Amino acid sequence: MTLSPLTNADLHCHSVVSDGGCTPEELALRAREGGVQLWALTDHDEVGGVAAARQAALQQGLAFLSGVEISVSFAGQVVHIVGLGFDETHPALLQGLADTRDGRGPRAREMAAGLAAVGIQGAYEGALQHVGNPALISRTHFARWLVEAGHCRDVPEVFRRFLTEGKPGFVPHRWASLSDALAWIHGAGGVAVIAHPARYKFTPNEELALFTDFKAHGGQAVEVVTGSHSASDAARYAEVALEFGLLASRGSDFHAPGESRTELGSLPDLPGRLQPVWMALQDRVSYPS
């Protein structure tokens, strides 16, 4: 298999190892059925599914890149940094991810207490029913339970009413620093990518600071085409990629059937003038025989 700028690459999705609804094996099948040619599993702060995902991808005839999505605190917000093409057994990376995960359990109990204060009981136990990995319990698991229990019609309604800043159940968490996350990714031989930049509520100066600091710490790429980006978002961040000399990435951010706005493999191509991140990672790709 030879990669090209037009390769159908989906380099951002989640399995039950973090907050997705499918196993790595189910995702590999879904990716192949969706026409994906190069795939990466990018679970939140966890690489425990990478080995199974690689094996399943190769069995499905897909090329594969190791991946992770690291939660970072920047300017008072949570920013996600995707790592691609690294050694998932690298000790410093594993330790950093473990340290980042450690606060999720206590945070989840505080979230449940906040929901209980407005009359919603049993949220922690309910969220656990949707968790594949208890160390990675997250707002998504609470949201699924709130829908299942009839408190909200769907996940978007959950985040309009609960679990966001100023709403019941919101609890901030201190994540990794930008410099630490990039050091872990680079130390393990990977490339760092700013995920879905249009989702962040930064002022223009804060966004400039994010991209400037990211570049200063060796960041190499930005997600231009992704499930939560509109066409105008993609055009804007294509220009940002060119301005900062960044490679461009592409990924659906698929979590679960019926829940995610974009299916694996269904994204439009990157704008042609950009340099795809996967072309710089060809020597780190696992190819099917």
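Before reading on, note that the structure itself is shown above.
Residues numbered from 1 in each chain as written. Predicted model: local features only at pLDDT ≥ 70, side-chain atom pairs only at ≥ 80, totals over all residues. Heavy atoms only, no water.

Student: Now, about the nonpolar core: what can you tell me, with residues and values included?
Tutor: In a soluble, globular protein the nonpolar side chains are often hidden away together inside. Within the largest apolar cluster, 72 residues are counted, with the highest numbers of intra-cluster contacts made by L11, L38, W39, I70, I81, V224 and V277. Per-element tally for this core: the top contributor is helix α10 (residues 231-244), with six residues. Setting aside residues no more than four positions away along its own chain, V224 makes contact with H229, A234, Y237, A238, A248, S249, L270, P271 and L274. (Core = buried A, V, L, I, M, F, W, Y, C linked by side-chain atoms within 4.5 Å. Buried < 20%, exposed > 50% of the residue type's maximum accessible area, 1.4 Å probe, protein only. Helix = DSSP H or I, 4+ residues; strand = E, 2+ residues; numbered from the N terminus. Contact = heavy atoms within 4.5 Å.)

Student: A description of helix α4 (residues 104-116) should follow, citing residues and the corresponding values.
Tutor: If you check α4, its first and last C-alpha atoms are 18 Å apart, about what 13 residues at 1.5 Å a residue would give, namely 18 Å. Among all positions in α4, only R104, R107, A108, M111, A112 and L115 are buried. Seen from one end, α4 has its buried residues packed into an arc of 140 degrees, which puts them on one side. The inward-facing, buried residues of α4 abut β4 (67-74), α3 (91-101), α5 (123-128) and α6 (139-148). (Expected span 1.5 Å × (residues − 1). Arc of directions from axis to C-beta.)

Student: Lay out the sheet that holds strand β7 (residues 221-226) with the relevant residues and their values.
Tutor: Ordered in space as β4-β5-β6-β7-β8, the five strands form an open sheet in which the pairing is mixed. This sheet does not close on itself; its edge strands, each paired only once, are β4 and β8 (247-251). The sheet shows a mean angle of 40 degrees between the axes of neighbouring strands, taken without regard to direction. Judged from the two bridges that link them, strand β6 (residues 191-194) and β7 form a sheet pairing that is parallel. Considered in β7, the bridge of I194 is made with V222. (Pairing = 2+ DSSP bridges. Axes fitted to C-alpha atoms, helices over the stretch in contact; angles between N-to-C directions.)

Student: Give a detailed account of the environment of E26, specifying residues and quantitative values.
Tutor: Residue placement: E26 occurs in helix α1 (residues 24-33). Taking the relative accessible area as the measure of exposure, E26 reaches 43% and is therefore partly exposed.

Student: I'd like to hear about the pattern of salt bridges, residue by residue, with values.
Tutor: According to the stated counting rule, one finds ten salt bridges in the structure shown. Residues R54 and E88 are paired through a salt bridge, measuring 2.8 Å at the closest nitrogen-oxygen approach. On the criterion of sequence distance, the pair formed by R54 in helix α2 (residues 50-59) and E88 in the loop between β5 (77-84) and α3 is long-range, its members being 34 residues apart. Two residues, R273 and E239, come together in a salt bridge whose shortest N-O distance is 2.5 Å. Of the two residues, R273 is situated in the segment after β8 and E239 in helix α10; the sequence distance between them amounts to 34 residues. (Salt bridge = Lys/Arg side-chain N within 4 Å of Asp/Glu carboxyl O.)

Student: Can you tell me about the side chain of N8, naming the residues and giving the values?
Tutor: Structurally, the position occupied by N8 is in the segment before β1 (9-10). Judged by relative accessible area, which is 14%, N8 ranks as buried. Residues within four places of N8 in sequence aside, it is in contact with G34, G35, V36, Q37, L38, R250 and G265.

Student: Residue-level account of the state of the cysteines, with values.
Tutor: Following the criterion strictly, the structure yields zero disulfides and no others. This cysteine, C13, is not joined by any disulfide, and C22 carries the nearest cysteine sulfur, 9.0 Å off. Since its relative accessible area comes to 0%, C13 is described here as buried. (Disulfide = S-S within 2.5 Å.)

Student: Break down the environment of G150 for me, citing the residues and quoting the values.
Tutor: Its location among the elements puts G150 in the loop between α6 and α7 (155-161). On the basis of relative accessible area, G150 is assigned to the exposed category, the value being 58%.

Student: Give a description of the sheet that holds β1 that names residues and reports values.
Tutor: Here we have three strands laid out as an open sheet, ordered β1-β2-β3, and parallel in their pairing. Pairing within the sheet leaves two strands with one partner each, and these edge strands are β1 and β3 (63-65). Where β1 lies against strand β2 (residues 38-40), two bridges are found, and the strand directions are parallel. Opposite D10, over in β2, you have W39 as the bridge partner. This element, α2, spans β2 and β3 of the sheet and lies at about 165 degrees to β3.

Student: Which residues make up the packing of helix α9 (residues 204-216) against α10, and what values go with them?
Tutor: Put simply, α9 and α10 touch, their axes get as near as 11 Å, and they point 45 degrees apart. The pairing of α9 with α10 is recorded here as oblique in orientation. Relative to α10, α9 is oriented so that their crossing is right-handed. In contact with E207, L208, F211, T212 and K215 of α9, α10 contributes R236, Y237, V240 and F244. In terms of residue class, the contact of α9 with α10 is built from five nonpolar, one polar and three charged. (Parallel < 35°, antiparallel > 145°, perpendicular 65-115°, else oblique. Left-handed = near helix turned anticlockwise from the far one by under 90°. Nonpolar A, V, L, I, M, F, W, Y, C, P; charged D, E, K, R; others polar.)

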